[in-house]
Amino acid sequence: MRLFGYPLPGMSSLILWGLLWEIVGRLDLTFFLPPLTEVVSTLFAVIGTPAFLKALTETAYAFFAGVFFAVAIGIPTGILMGKSRLLDELLLPWVNMFLSAPLTALVPVLMVLFGFGMKAIIITTTLFAIWIIILNSRAGVLQINRSLVEMARSYGATPLDAFFKIYFWAALPEILGGVRIGVIRAVKGVIIGQLLISIVGFGALFELYANNFLMAHFWAVLVVLFALAFTISEFLAYLERRVSYYAAKR
């Protein structure tokens, strides 16, 4: 499908699934899945309420703070692992272990260490996102043409200059790919944190609506969450494609 002359990949699939959702909801096969039109009308009814805006603010704060720390720590760590064989051998087993481990099991430990407030939720979000960012940043550095590094050294570049002017920019396509996947994982982390650590934000709304069987309200909040995550992911995917294009041309 196209909008104003631009192709919309996946839009046809979304329309198809939306129609299927509406049909299943109208058949009243289960109370868990109300019709899509009812969900949309409920969304417009609750989206401007103080409770929804408060939940959106709390969730956005925890999400963006967690992603910020994941990016700020993950990218330099991954680049250093790609540069240093010793550091790579020390950290890579731990990174792989935490990436593959069920991080939800660590939430009770985080609650003991950091309490039941926003700090623990932010740390949970960071832990869900950081490992894939580290691995992708490392992979990007390992694929750098060594002649670039040798040229920088021959012109007297310091290690700090090489870090910011060679390693970061040459590995940027892989870094953006890791950040995009990390953002998707961070959405999962922030909701798990808000459900298990402290019932705030969207987690509180999910708990409220599920306990009172307000499934249209439940799905309305879920649609907003999915839409925000999808928008951020697609924006990062666009940047990734542009960077990959210019990197190939260079």
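Structural notes, computed from the coordinates. Starting from 1, residues in each chain are numbered consecutively following that chain's sequence as written. Only residues with pLDDT of at least 70 are given local features in this predicted model, and only at 80 or more are side-chain atom pairs given and counted; all residues enter the totals for whole chains, interfaces and linings. Hydrogens and water are ignored here; the side-chain numbers use all heavy atoms of the structure.

This part covers the pattern of salt bridges. We count a salt bridge whenever a side-chain nitrogen from Lys or Arg sits within 4 Å of a carboxyl oxygen from Asp or Glu. Evaluated as defined, the whole model comprises three salt bridges. Lysine 54 is the partner of glutamate 58 in a salt bridge, and the nearest nitrogen-oxygen pair spans 2.7 Å. Pair noted here: glutamate 58 and lysine 54 are both in helix α3 (residues 50–83), with a separation of four residues, about one helical turn. Here glutamate 58 falls in the buried class, since its relative accessible area comes to 19%. Between buried and exposed lies partly exposed: a residue is buried under 20% and exposed over 50% of the maximum accessible area for its type, with that area taken using a 1.4 Å probe on protein chains only. Classification of lysine 54 as exposed rests on a relative accessible area of 52%. A run of H or I in DSSP becomes a helix once it reaches four residues, and a run of E becomes a strand once it reaches two; helices and strands are each numbered from the N terminus.

Restricting attention to buried positions, one finds in helix α8 (residues 159–170) the residues Ala162, Phe163, Ile166, Tyr167 and Ala170. Down the axis of α8, the sector holding all buried residues measures 130 degrees, keeping them to one side. Residues of α8 that are exposed and point over 90 degrees away from its buried face: Leu160 and Lys165. Those residues of α8 that are buried lie in contact with α3, α6 (118–142), α7 (146–154) and α9 (172–196). Directions pointing from the helix axis toward each C-beta atom define the arc. Only heavy atoms matter for contacts: two residues are in contact if any of them lie within 4.5 Å across the pair.

To continue, consider α6. Note: α-helices contain 3.6 residues per turn, so residues at a spacing of three or four share the same orientation. Helices are assigned an expected span. That span is 1.5 Å times one less than the residue count. Taking 1.5 Å as the rise per residue, α6 with 25 residues should run 36 Å; its terminal C-alpha atoms sit 36 Å apart, in good agreement. Within α6, 19 of the 25 residues are buried, leaving the element largely enclosed by the surrounding structure.

In this section: the packing of aromatic side chains. Geometry of aromatic contacts follows a simple scheme: Phe, Tyr and Trp rings, the Trp one being its six-membered ring, pair when their centres are within 6.5 Å, and the pair is stacked under 30 degrees between planes, edge-to-face over 60, tilted otherwise. What the rule picks out here adds up to eight aromatic pairs. Between phenylalanine 52 and phenylalanine 202, the aromatic rings sit 5.8 Å apart at their centres with planes inclined by 35 degrees, giving tilted as the arrangement. In this pair, phenylalanine 52 is assigned in helix α3 and phenylalanine 202 in helix α10 (residues 201–211), connecting sequence segments 150 residues apart. Judged by relative accessible area, phenylalanine 52 falls into the buried class, the value being 3%. For phenylalanine 202, a relative accessible area of 0% gives the class buried. On the numbers, 5.1 Å between centres and 75 degrees between planes, the contact of phenylalanine 63 with phenylalanine 64 is edge-to-face. Judged by relative accessible area, phenylalanine 63 falls into the buried class, the value being 8%.

On to unusual backbone geometry. Even without glycine at this site, phenylalanine 213 takes up a positive phi of about 55 degrees. Looking at where phenylalanine 213 falls in the secondary structure, it is placed in the loop between α10 and α11 (215–249). Its relative accessible area of 59% is what places phenylalanine 213 among the exposed residues.

Bringing the side chain of serine 233 into the picture now. As for its position among the elements, serine 233 is in helix α11. When sequence neighbours within four positions are dropped, the list of residues in contact with serine 233 reads Arg180 and Ile184.

Moving on, we get to the environment of leucine 53. Among the structural elements, leucine 53 can be located in helix α3. Put simply, leucine 53 and glycine 201 are 148 residues apart on the chain and 9.1 Å apart in space, counted from C-alpha to C-alpha. In contact with leucine 53, other than residues within four places in its own chain, are Ile47 and Gly48.

Here we take up the nonpolar core. Put simply, buried Ala, Val, Leu, Ile, Met, Phe, Trp, Tyr and Cys residues joined by side-chain atoms within 4.5 Å make one nonpolar core. By size, the foremost hydrophobic cluster in this structure holds 64 residues, and its most contacted members are Phe202, Phe206 and Trp219. Not counting chain neighbours up to four residues away, the residues in contact with phenylalanine 206 comprise Ile191, Leu195, Phe218, Val221, Leu222 and Leu225.

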